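Structural overview
Chain by chain, the residues:
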Amino acid sequence: MPIGTPIVELQRATKELSEVKAAGWVRSRRDAKECSFVDLNDGSCLKGLQVVVDATSPAHAAIRHVTTGAAIVATGALVASPGAEQRWELRARAIEILGASPEDYPLQKKRHSDEFLRTIAHLRARTNKYGAMFRLRSRLSHAIHDFFQGRGFHYIHTPIITGSDCEGAGEMFRVTTLDLANVPKAAGRIDFASDFFGREAHLTVSGQLAVETCCLAMSRVYTFGPTFRSENSNTSRHMAEFWMIEPEFAFADLADDMALAEDMLKFLVAYARRECAEDLELFARFVDPELDARLDLVLNTDFARVSYTAAIELLQASGRSFEFKPEWGADLQAEHERYLTEEYFERPVFVHDWPRDIKAFYMRQNDDGRTVAAMDLLVPRIGELVGGSQREERHDVLETRIRELGFEPADYWWYLDTRKFGTAPHAGFGLGFERLLMFVTGVGNIRDVIPFPRTPKHLEF
Ligand code: 4AD
Ligand code: MG
């Protein structure tokens, strides 16, 4: 071990090779009179390797065990393929069966529905589509670090277990070691003093508050990690566990924030096009015929910018009968988001300066007394891809807002401290990694862009 050369490397060979080994899983086998053809795939790239086993070769003795799904190692010569489908093929001298695959292997057919594949998430990475998706996911994770590291941002590991609610939306999962069958009580209430941390603890909904403290020390930082929300919305765009990229930079305002988000999205789309062309083409061919045009649009146009107030006016003047009437002060619904980005602007659009009453406590208050310096980036097909803001850096304004919203300033003492000692203007945003993957591939359901989706009433593995 390791057995063999990754198939992606064999595909790139520049000359014939007399002795190679390739290991992988059998996608299919076709028997002709003189030989058998095996499509071998090891997940290193989309395309499999054609293994040819002559009926006269000693390798042929094992052929009946070379069934769909089996793990095998083929040894032989890499030679130019007479077939039009591939440049190279492996003429096998020996086949070793590492793991047989009986007839009830669920991936016998070439194509299966996404719904069915979700029920066998432990096997779906063996299909072309999910292999391509998870390779893209891996490459784009790398690209995110590339983007920020190339711009002097430092990667901060923010905590997963937290004592504070960043978004204040009450959508947090509890973390406890208390015995749920016998919860300790004091004065009629749960006694968290005897819990693991001696206080209430939750899974984080965002790394922002923690990363802000490092921002006001290191100027340019980001975090990229899993976040958890117990919102009970069974939509194609929400999950209980998702990954978020959150940059935070000092001496910056809302306009800088939008410029950074636009640069980042353009960088990631260009990266995927350049580095993941083969995998991306699968999505353009089989999933979303308009994918290429949409990605071109990202690369070749400046994103639009519109204030929330102007956006509401546009929606009201649209003549559309929306299910939810657009009204100043209300959040934008998916139908509003899509009208703005797909029909009115026909490109990604930042909606900025939102009513303060529907946004989080940390956003910077504008002078008009009713809006905050917040932005959402809306993109075609997805709607909200990014949410961010300039942060409230004025200690007294922030403390007053925390009180107004019914929170306890003492719970945020460390956050308020950063405004007391050397406060500075700063801004940041959060980009949902799964929504980015939906956007880049055209896949319509968020459950299909992460290996193991977590949604209400669904927790396998
Ligand atoms: O708009 P949100 O809630 O912003 C924040 O959490 C800020 N603290 C970010 C920041 O400024 N540092 O979430 C940011 C993004 C959304 O735009 C969306 O793409 C994604 O996270 N998101 C979800 N993705 C999947 N499932 C969910 N339940 C999501 N909730 C938010
Ligand atoms: Mg948001």
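Residues numbered from 1 in each chain as written. Chains lettered and ligands numbered in written order. Predicted model: local features only at pLDDT ≥ 70, side-chain atom pairs only at ≥ 80, totals over all residues. Heavy atoms only, no water.

A closer look at the pattern of salt bridges
Per the stated rule, a full pass over the model turns up 31 salt bridges. We note a salt bridge from Glu392 to Arg394, for which the minimum N-O separation is 2.7 Å. A relative accessible area of 26% places Arg394 in the partly exposed class. (Salt bridge = Lys/Arg side-chain N within 4 Å of Asp/Glu carboxyl O. Buried < 20%, exposed > 50% of the residue type's maximum accessible area, 1.4 Å probe, protein only.)

Points about the packing of aromatic side chains
Two numbers describe a pair of aromatic rings. These are the distance of the centres and the angle of the planes. Taken as a whole and assessed by the stated rule, the structure comprises 23 aromatic pairs. Between Phe148 and Tyr222 the ring centres are 4.7 Å apart and the planes differ by 25°, which places this aromatic pair in the stacked class. Placement of Phe148 in helix α3 (residues 128-149) and of Tyr222 in strand β11 (residues 220-228) is noted, with a sequence separation of 74 residues between them. Relative accessible area serves as the criterion here: at 0%, Phe148 is assigned to the buried category. Among the residues examined, Tyr222 registers a relative accessible area of 0% and is labelled buried. Their ring planes at 75° and their centres at 5.5 Å tell us that Phe361 and Tyr362 sit as a pair that is edge-to-face. The same class applies to Phe361 as to Tyr362, namely buried. Its guanidinium or amino end placed over the ring of Trp354, Lys359 lies 4.1 Å from that ring's centre, counting from NZ or CZ. We note Arg419 situated over the ring of Tyr415; from NZ or CZ to the ring centre the distance is 4.2 Å. (Phe/Tyr/Trp six-rings, centres within 6.5 Å; stacked < 30°, edge-to-face > 60°. Helix = DSSP H or I, 4+ residues; strand = E, 2+ residues; numbered from the N terminus. Lys NZ or Arg CZ within 6 Å of the ring centre and 35° of its normal.)

Describing the site of ligand 1
Close to ligand 1 lie 25 residues, the nearest being Glu167, Gln208, Glu231, Glu246 and Glu384. A distance of 2.7 Å separates a nitrogen atom of ligand 1 from a polar side-chain atom of Gln208. For ligand 1, an oxygen atom lies 2.8 Å from a polar atom in the side chain of Arg229. Protein coverage of the free-state accessible area of ligand 1, which is 630 Å², stands at 94%. (Near = heavy atom within 4 Å. Polar contact = N/O pair within 3.5 Å; in protein donor to acceptor, adjacent residues only side chain to side chain. Areas by Shrake-Rupley, 256 points an atom, 1.4 Å probe, with all protein chains shown as cover.)

Thoughts on the sheet that holds β11
Read across the open sheet, the eight strands follow the order β6-β11-β12-β17-β16-β15-β14-β13; overall the sheet is mixed. Taken across any chain shown, the strands that pair with only one partner, and hence form the sheet edges, are β6 (154-155) and β13 (304-307). With four bridges connecting them, β13 and strand β14 (residues 349-355) associate as parallel partners. Bridge assignment links Ala304 to a residue of β14, and that residue is Val349. Running over the sheet, helix α5 (residues 254-275) touches β12 (241-250), β13, β14, β15 (371-379), β16 (383-390) and β17 (426-432) and is turned about 15° from β15. (Pairing = 2+ DSSP bridges. Contact = heavy atoms within 4.5 Å. Axes fitted to C-alpha atoms, helices over the stretch in contact; angles between N-to-C directions.)

Points about the nonpolar core
Here is a general trend for soluble globular proteins: nonpolar side chains tend to be buried in one another's company. Ranked by size, the top nonpolar core spans 65 residues in total, and within it Leu140, Phe148, Leu265 and Leu436 carry the most contacts. In contact with Leu436, other than residues within four places in its own chain, are Leu140, Leu265, Leu268, Leu385 and Leu431. Membership of the second largest hydrophobic core comes to 31 residues, among which are Leu315, Phe322, Leu340 and Phe345. (Core = buried A, V, L, I, M, F, W, Y, C linked by side-chain atoms within 4.5 Å.)

Notes on the packing of α3 against α5
Contact pair α3 / α5: the axes reach a minimum separation of 10 Å and the direction vectors enclose 135°. Judged by the angle between their axes, α3 and α5 are oblique. Once α3 is placed against α5, the crossing between them reads as right-handed. Each of Leu136, Arg139, Leu140, His142, Ala143, Ile144, Asp146, Phe147 and Phe148 in α3 lies in contact with α5, whose residues at this interface are Leu260, Asp263, Met264, Phe267, Leu268, Tyr271, Ala272 and Glu275. Its residues placed into classes, the contact of α3 with α5 shows twelve nonpolar, one polar and four charged. (Parallel < 35°, antiparallel > 145°, perpendicular 65-115°, else oblique. Left-handed = near helix turned anticlockwise from the far one by under 90°. Nonpolar A, V, L, I, M, F, W, Y, C, P; charged D, E, K, R; others polar.)

A look at the environment of Arg370
Within the element layout of this structure, Arg370 appears in the loop between β14 and β15. Arg370 gets classed as partly exposed once you look at its relative accessible area, which sits at 42%. Taking the C-alpha atoms as reference, Arg370 lies 9.4 Å from Asp353; in sequence the two are 17 residues apart.

Some remarks on the domain arrangement of the protein
We note that the domain assignment places domain 1 (7-99) and domain 2 (124-169 + 205-448) within the protein. Put simply, the middle of domain 1 and the middle of domain 2, counted by C-alpha atoms, are 45 Å apart. With nine residues of domain 1 in contact, the opposing surface of domain 2 contributes eight residues. Between domain 1 and domain 2 the total buried area reaches about 670 Å² when both faces are included, carbon and sulfur atoms providing 43% of it. The largest share of the area that domain 1 buries against domain 2 comes from Trp25, Arg27 and Leu46, three residues that together contribute 72% of it. For the interface between domain 1 and domain 2, the tally reads zero salt bridges. Along the contact surface separating domain 1 from domain 2 lie five residue pairs in polar contact (both at pLDDT 80 or more). (Domains from an automatic or database assignment. Buried area = accessible area lost by both parts, 1.4 Å probe.)

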